[in-house]
Amino acid sequence: MEKLSRKLKGLMVDEVAGLIKKNPYLFFVNFEKVKASKTEKLRKTLKKSSSELKVVKRSILKLALKKQKLDPLCDMAETSSGITFSKDDPTKASKILYDFSKAETNMAIRGGYIDGQVISIESFKELATMPPREVMLARVIGGMKAPISGFVYVLNGNLQKLVRVINEISKKKEVK
């Protein structure tokens, strides 16, 4: 009976380690006293942003983190009861978790893991309050476009002045 239990735990560790490997963005949360109905709403909202919330036993999560050589995250797993796996844009998932934690006082965010770096709660809050990726890209492109647009505007102004001067000259010649 005990060997079956160990095999089952091994399979669970492998499954969680696979999820950690597939998803570059991880967020650790503690929501032990949150009602199941609210947790289900959170899961559905996260699923829309290509993220998922899993409740993982602490010992299994720690073993999976160690298997993926993410030992620094074991401290967050000590108090966590859930982990959010995100594939795409980490700002979307962090914003959803942050908004949910503001509305639900029983949920606490413990931190995360993004692009090979452990992020603290403060960094998580900064990430959650950032505009989405599309908005940031639009701002960068707008910033790159601004000098070119200004240059075209200046050149256009010079051309308009030249046309006015030539127009005035032609009017004076017609008068004579």
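Since the structure is predicted, the reported quantities are computational estimates derived from the model, not experimental observations.

### Quick look at the overall build of the protein chain
Point 1. Counting its secondary structure elements, the protein chain contains 7 helices and 5 strands.
Point 2. Going from N to C terminus, the protein chain has its helices and strands arranged as α-β-α-β-α-α-β-α-β-β-α-α.
Point 3. Taken over the C-alpha trace, the protein chain has a radius of gyration of 28 Å; the compact-globule value for 176 residues is 16 Å, which it surpasses by more than 25%.
Point 4. Considering only C-alpha atoms, the protein chain reaches an extent of 115 × 35 × 25 Å along its principal axes.
Point 5. Summed over its atoms, the accessible surface of the protein chain is roughly 12100 Å², and 59% of this surface lies on carbon and sulfur atoms.
Point 6. Distance from the positive charge centre (36 side chains) to the negative charge centre (19 side chains) of the protein chain: 3 Å.

### Points about the pattern of salt bridges
Point 1. Under the definition given, this model contains 3 salt bridges.
Point 2. Taking the shortest distance from any N to any O, the salt bridge between Glu104 and Lys38 comes out at 3.1 Å. Placement of the pair is Glu104 in the loop between α5 (90-103) and β4 (108-114) and Lys38 in helix α2 (residues 36-48), with a sequence separation of 66 residues.
Point 3. A relative accessible area of 37% means that Lys38 is categorised as partly exposed.
Point 4. Residue Glu52 is joined to Lys54 by a salt bridge in which the shortest nitrogen-to-oxygen separation is 3.6 Å.

### Quick look at the pairing of β4
Point 1. Of all 7 residues in β4, 5 are buried, a share of seventy percent or more.
Point 2. By the bridge criterion, 6 bridges tie strand β1 (residues 25-30) to β4 in an arrangement that is antiparallel. The residue bridging Tyr25 from the neighbouring strand is Ile114, located in β4.
Point 3. In terms of strand pairing, β4 meets strand β5 (residues 117-119) through 3 bridges, oriented antiparallel. Looking at the pairing, Gly112 lines up with Ile119 of β5.
Point 4. Here β4 folds back onto β5 in antiparallel fashion, the turn holding 2 residues, of which Asp115 has a positive phi close to 50°.

### Description of the confidence of the model for the protein chain
Point 1. In this model, the protein chain carries a mean pLDDT of 83, and residues with pLDDT of at least 70 account for 97%.
Point 2. When pLDDT is averaged over each element of the protein chain, β1 comes out on top at 88 and helix α4 (residues 74-79) at the bottom at 73.

### Regarding the sheet that holds β1
Point 1. In spatial order, the strands read β2-β3-β1-β4-β5; together these 5 strands make up an open sheet with antiparallel pairing. On the outer flanks of this sheet lie β2 (51-54) and β5, each paired with one strand and no other. Taking each pair of neighbouring strands and ignoring which way they run, the sheet shows an average axis angle of 20°.
Point 2. Its contacts with the sheet place helix α6 (residues 121-129) against β1, β4 and β5, and it is angled at close to 80° to β4.

Calculation notes
Residues numbered from 1 in each chain as written. Predicted model: local features only at pLDDT ≥ 70, side-chain atom pairs only at ≥ 80, totals over all residues. Heavy atoms only, no water. Helix = DSSP H or I, 4+ residues; strand = E, 2+ residues; numbered from the N terminus. Rg over C-alpha atoms; globule rule 2.2 N^0.38 Å. Areas by Shrake-Rupley, 256 points an atom, 1.4 Å probe, with all protein chains shown as cover. Lys, Arg positive; Asp, Glu negative; His and termini not counted. Charge placed at Lys NZ, Arg CZ, Asp CG, Glu CD. Salt bridge = Lys/Arg side-chain N within 4 Å of Asp/Glu carboxyl O. Buried < 20%, exposed > 50% of the residue type's maximum accessible area, 1.4 Å probe, protein only. Pairing = 2+ DSSP bridges. pLDDT = per-residue confidence, 0-100. Axes fitted to C-alpha atoms, helices over the stretch in contact; angles between N-to-C directions. Contact = heavy atoms within 4.5 Å.

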